[in-house]
Amino acid sequence: MTGQDTQYDILGIGNAITDILARTETTFLQQQGLTPGSMTLIDVDRANALEAALAPEHVVGGGSAANTCVVAAQFGARVAYLGKVSRDDAGLKFTQDLRDNGVQFPSAPLNTQVFDNLPTARCVVMVTPDGQRTMATYLGACTCFTPDDVLPDMIASSSIIYLEGYLFDPPHAQEAFRRAAALAHQNGRQVALSLSDPFCVGRHRDAFLDLVKNHVDILFANEDEICALYETENFDTAARHTLEDTTFAALTRSGLGSVVVHDGQLTTVAPVPTQVVDTTGAGDAYAAGFLAGLTSGRSLPECGRLASVAASEIISHYGARPLSNLWEEMGF
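Residues numbered from 1 in each chain as written. Predicted model: local features only at pLDDT ≥ 70, side-chain atom pairs only at ≥ 80, totals over all residues. Heavy atoms only, no water.

- The name given to the chain in an unreviewed UniProt entry is Adenosine kinase, with the source organism recorded as Acetobacter ghanensis.
- As recorded by UniProt, the Sequence similarities (unreviewed entry) comment attached to the chain reads in full: "Belongs to the carbohydrate kinase PfkB family." (UniProt positions renumbered as here; feature names shortened; annotations may be inferred.)

Written as structure tokens, this is what we have:
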């Protein structure tokens, strides 16, 4: 699949968030009532309290779909992004970070005359010694993303519209997703969806199932997420359901690699071994490598290999953005 008739290969739509990374112990998560490996929505007061209780090491641009966009751009894909930030310092830094990484960001910042001057979203990412990340997210300006923020000209100009499951939590996001999917299909474009988090899936299971069955062309999920979607603890059972509901899916299984579902067939993709330091952004990077390969006309095994390389690079260090040049490493 190539995007010769489009301006962009990938258009990401998601929560525009600044990530605040800190190392901590599992006991701290227990004290805070946080489930290891999950994403919990919090208010601004709790975000401030968590930051005060930790020792943040990095403050970087984040958000699941934004991470995917940045990594895909490193692979040479033509990438744009839609999301909502405020007119504050964090919003300006988020915007500049995307543009510095080669990602177009045409979204207008929050209109403070209409909304209550909500700050740009931030996510406290707590990394335990086993490399697992646990996230506590204050959505802030993201809650103001509406169907009006889905820009028709950007949809028409993009080969694949990549939707971030986390964005399902804000009030108007589900309507925005359906608008994006409808516009994409009207223009002959494809829609990709990342399920993002098993707890997010649990909160919106019926809506996600409707999206997967009726509006999505390419599904990304990890083992926990796809099992949550189909309410089973058995991956093989969930994968069989995926065969029935989708024509194209990429399901990641951490150290077991991933499984690509396409045209009724299951293909296993081996992982790329590395030392796990921080799993933040692993799924985001996997989707980036896969979509970059797909939109540049590579075979499914090649797409899976690119995805595995990208995920392996991301989990080998702190943070969800690449430290090495993926373009050069893969010979693009």
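Some words on the packing of aromatic side chains
- Summed over all chains, the structure comprises 9 aromatic pairs.
- Ring geometry for Tyr-81 versus Phe-94: centroids 6.0 Å apart, planes at 50°, classification tilted. You can see Tyr-81 sitting in strand S5 (residues 79-82) and its partner Phe-94 sitting in helix H4 (residues 89-100), a full 13 residues away along the chain.
- Centroid distance Tyr-286 to Phe-290: 6.2 Å. Interplanar angle 25°. Geometry classified as stacked. With a gap of 4 residues between them, Tyr-286 and Phe-290 both fall in helix H11 (residues 282-295), about one helical turn apart.
- An aromatic cluster is present here, built from Tyr-162, Phe-220, Phe-248, Tyr-286 and Phe-290 joined pairwise through their rings.
- Over the ring of Phe-235 we find Arg-253; its NZ or CZ atom is 3.9 Å from the centre of that ring. (Phe/Tyr/Trp six-rings, centres within 6.5 Å; stacked < 30°, edge-to-face > 60°. Helix = DSSP H or I, 4+ residues; strand = E, 2+ residues; numbered from the N terminus. Lys NZ or Arg CZ within 6 Å of the ring centre and 35° of its normal.)

So, the pairing of strand S2 (residues 17-23)
- Counting buried residues in S2 gives 6 out of 7 residues, a clear majority hidden from the surface.
- In this sheet, strand S4 (residues 58-62) lies alongside S2 in antiparallel orientation, the contact comprising 5 bridges. Bridge pairing in S4 places Asp-19 opposite Val-60.
- Here S2 runs beside strand S7 (residues 121-127); their pairing, made up of 7 bridges, is parallel. From the neighbouring strand, Thr-18 faces S7, where its bridge partner is Arg-122. (Buried < 20%, exposed > 50% of the residue type's maximum accessible area, 1.4 Å probe, protein only. Pairing = 2+ DSSP bridges.)

Considerations on the packing of H11 against helix H12 (residues 300-315)
- In the contact formed by H11 and H12, the axes pass within 7 Å of each other and the chain directions differ by 150°. Between H11 and H12, the crossing angle belongs to the class labelled roughly antiparallel. The chirality of how H11 crosses H12 is right-handed. Residue-level inspection shows Ala-282, Ala-285, Tyr-286, Gly-289, Phe-290, Gly-293 and Leu-294 of H11 in contact with H12, the latter providing Leu-300, Cys-303, Gly-304, Leu-306, Ala-307, Ser-308, Ala-310, Ala-311, Ile-314 and Ile-315.
- Counted by class, the contact of H11 with H12 contains 13 nonpolar, 4 polar and no charged residues. (Axes fitted to C-alpha atoms, helices over the stretch in contact; angles between N-to-C directions. Parallel < 35°, antiparallel > 145°, perpendicular 65-115°, else oblique. Left-handed = near helix turned anticlockwise from the far one by under 90°. Contact = heavy atoms within 4.5 Å. Nonpolar A, V, L, I, M, F, W, Y, C, P; charged D, E, K, R; others polar.)

Brief notes about the nonpolar core
- Residues Ile-13, Ile-155, Leu-193, Leu-195, Ile-226 and Leu-229 are the most contacted members of the largest nonpolar core, which totals 44 residues.
- Looking at which element gives the most residues to this core, the answer is helix H6 (residues 173-186), with 7 residues.
- Apart from residues no more than four positions distant in its own chain, Ile-155 is found in contact with Leu-11, Ile-13, Val-150, Ile-161, Ala-180, Leu-183, Ala-184 and Arg-189.
- Residues Ala-73, Tyr-81, Val-260 and Val-269 belong to the second largest nonpolar core, which totals 41 residues. (Core = buried A, V, L, I, M, F, W, Y, C linked by side-chain atoms within 4.5 Å.)

With respect to the packing of helix H3 (residues 64-74) against H11
- At a closest axis distance of 8 Å, the pairing of H3 and H11 adopts a crossing angle of 45°. Put simply, H3 runs oblique to H11. In the packing of H3 onto H11, the handedness of the crossing is right-handed. Contacts from Ser-64, Asn-67, Thr-68, Val-71 and Ala-72 in H3 reach Asp-284, Ala-285, Ala-287, Ala-288 and Ala-292 in H11.
- Residue composition of the contact of H3 with H11, grouped by class: 6 nonpolar, 3 polar and 1 charged.

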